[in-house]
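Residues per chain are reported as follows:
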Amino acid sequence: MPEESIIVLDFGSQYSQLIVRRLREAGVYSELLPFHVDYTAVQALRPKGVVLSGGPASVYLPGAPQLPGWVVNSGLPVLGICYGMQAIAHALGGSVVASTEREYGPADITVDHPESPLFAALDLQQRVWMSHGDKLTRLPQGFHPIAHSPHSAYAAMGDEERRWYGLQFHPEVVHTVHGRDLIRNFAYRVSGCVGGWTAEAIAEQAIQRIRDQVGSGRVICGLSGGVDSAVAAALIGKAVGDQLTCIFVDTGLLRLGEAEQVIETFRNHLHIPLVAVNAAEDFLSALEGVADPEAKRKIIGEKFVRIFEREAQALGDVQFLAQGTLYPDVIESTAADRNVAAKIKTHHNVGGLPADMQLRLVEPLRYLFKDEVRAVGLELGLPEEWVWRHPFPGPGLAVRILGPVTHERAETLRRADAIFQDELRRFGLYRDVQQAFAVLLPVQSVGVMGDYRTYADAVALRAVTTEDFMTADWARLPDGLLQGTASRIINEVQGVNRVVYDITSKPPATIEWE
């Protein structure tokens, strides 16, 4: 268990885990727990402070999540963010009402009490990110205003004696300029943390947890070709050695040349036992005629598990299935341990798993973010070119083919995507964007090729820049790269006569189209 931590209580914000990420970036271990968690589970983590997340509810309405009583009596420092601030005020005698002047997006605040340890060494004028429709009209007894905005008299409040603070804005998102500094101040200046959460510590803790869970049991690890499952396999290999066998399933929905690359890397470089299964026909048959993305994910999730169960039986006496599930997978799927947030989409390896699955899950990355996974991968000695590969969804091209999935459509997309990746590398921009891929659209359009009318498929290109994959901006790629990619796709990929570029950020969109 950690020597220290800061607990984040989840009131349902889509960005609750960003708070955890910011604390870990600052070198402090943090975990996200539901707001109604029992205090005994909290004590086991040796908390030095508590952060209350934002949330979609209005704290004054019947049934809205409320501040747990143990927080009030714990004596721990507390930081309430947005809904968390309102929950503090509501519980301690302040007043929260619906506002006629809502604040969504960027706002400027003025710090009225710069001596506050929460705002120590920060600018008096700051750009922050607001997202609230309710506001405080009266502070609880013992609190005083620390900062204000044009529409919020209490953009920040504090009670230095209790070491309790509230922010009406969101310091965890990148749009709040000094957000990381505010969270770091709460961790170190207010809560008295000493730090020490590093890639080495993450790996050591994960390895010990795997050993505790698995014991002398045997594990199979499903490899997708991405960095997540590779790091999970490397961790489990370190933890239990030859108790691990990796299984790579060629679904027929992989990127160009990916199957060969995965097999070569794991067998010849990482020397981890690997079973390769060609199940392309099984997956494509199961997906025949299916257009709904949620249905695709559930079909693929179940098909994976059934194959893993079959291979486990062939190996004999296997109890565990390992996956490279990450925090963003969990948050967007609203898994059972995150039942207060709205579901965005089901991830095949979270909400898509069958209820009667026979194997027990081992998920060493379940509460890690992508940057932590990459740091752990490098710590474990994985090849740098593998660690920095762009993320690839577990369902593969099935969720990048909008509409029904066929072998022909998969081959079209595979070739278009490979051209896009090739052009990114040719321009030296592959590492400058965090994810880039092609999407095959469910529409056809008229074109002219060689003086003849065509009526063919359209391909969308998507490239984003992001720090955390919870928010993302579209990448401003050079015109020459986009033009060259479009020209090559139309000329080299039969059946495509139009290429478009997606310039939507997340939110409102997700990074993947399905």
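Here is what the cut-offs are and how they apply
- Residues numbered from 1 in each chain as written.
- Predicted model: local features only at pLDDT ≥ 70, side-chain atom pairs only at ≥ 80, totals over all residues.
- Heavy atoms only, no water.
- Helix = DSSP H or I, 4+ residues; strand = E, 2+ residues; numbered from the N terminus.
- Buried < 20%, exposed > 50% of the residue type's maximum accessible area, 1.4 Å probe, protein only.
- Polar contact = N/O pair within 3.5 Å; in protein donor to acceptor, adjacent residues only side chain to side chain.
- Contact = heavy atoms within 4.5 Å.
- Pairing = 2+ DSSP bridges.
- Axes fitted to C-alpha atoms, helices over the stretch in contact; angles between N-to-C directions.
- Left-handed = near helix turned anticlockwise from the far one by under 90°.
- Nonpolar A, V, L, I, M, F, W, Y, C, P; charged D, E, K, R; others polar.

Moving on: the side chain of Asn185. In this structure, Asn185 sits in helix α5 (residues 179-190). For Asn185, a relative accessible area of 8% translates into the label buried. A distance of 3.0 Å separates the side chain of Asn185 from the backbone oxygen of Leu118, its partner in a polar contact. Sequence-distant contacts of Asn185, defined by excluding residues within four places in its chain, comprise Pro117, Leu118, Phe119, Ala120, Leu122 and Val190.

What follows deals with the sheet that holds strand β2 (residues 30-34). Sheet architecture is open: nine strands sit in the order β2-β1-β3-β4-β9-β8-β7-β5-β6, paired in mixed fashion. Of all strands in the sheet, those with a lone pairing partner are β2 and β6 (125-138), marking the two edges. In this sheet, adjacent strand axes meet at a mean angle of 25° when their direction is disregarded. The sheet contact formed by strand β1 (residues 5-10) and β2 spans five bridges and is parallel. Looking across to β2, one finds that Leu9 is bridged to Leu33. Lying on the sheet, helix α1 (residues 16-25) is in contact with β1, β2, β3 (47-52) and β4 (78-81); it crosses β2 at an angle near 160°. Relative to the sheet, helix α4 (residues 83-91) contacts β3, β4, β5 (95-111), β6, β8 (152-159) and β9 (164-167), its axis offset from that of β4 by approximately 115°.

What follows covers the packing of helix α6 (residues 199-214) against helix α7 (residues 227-240). Look at α6 against α7: their axes get within 9 Å of each other, and the N-to-C directions meet at 65°. In this structure, α6 meets α7 at a crossing whose hand is right-handed. In this structure, α6 contributes Ala203, Ala206, Ile207, Ile210, Arg211 and Val214 to the contact, and α7 contributes Leu235, Ile236, Lys238, Ala239 and Val240. Its residues assigned to classes, the contact of α6 with α7 shows nine nonpolar, no polar and two charged.

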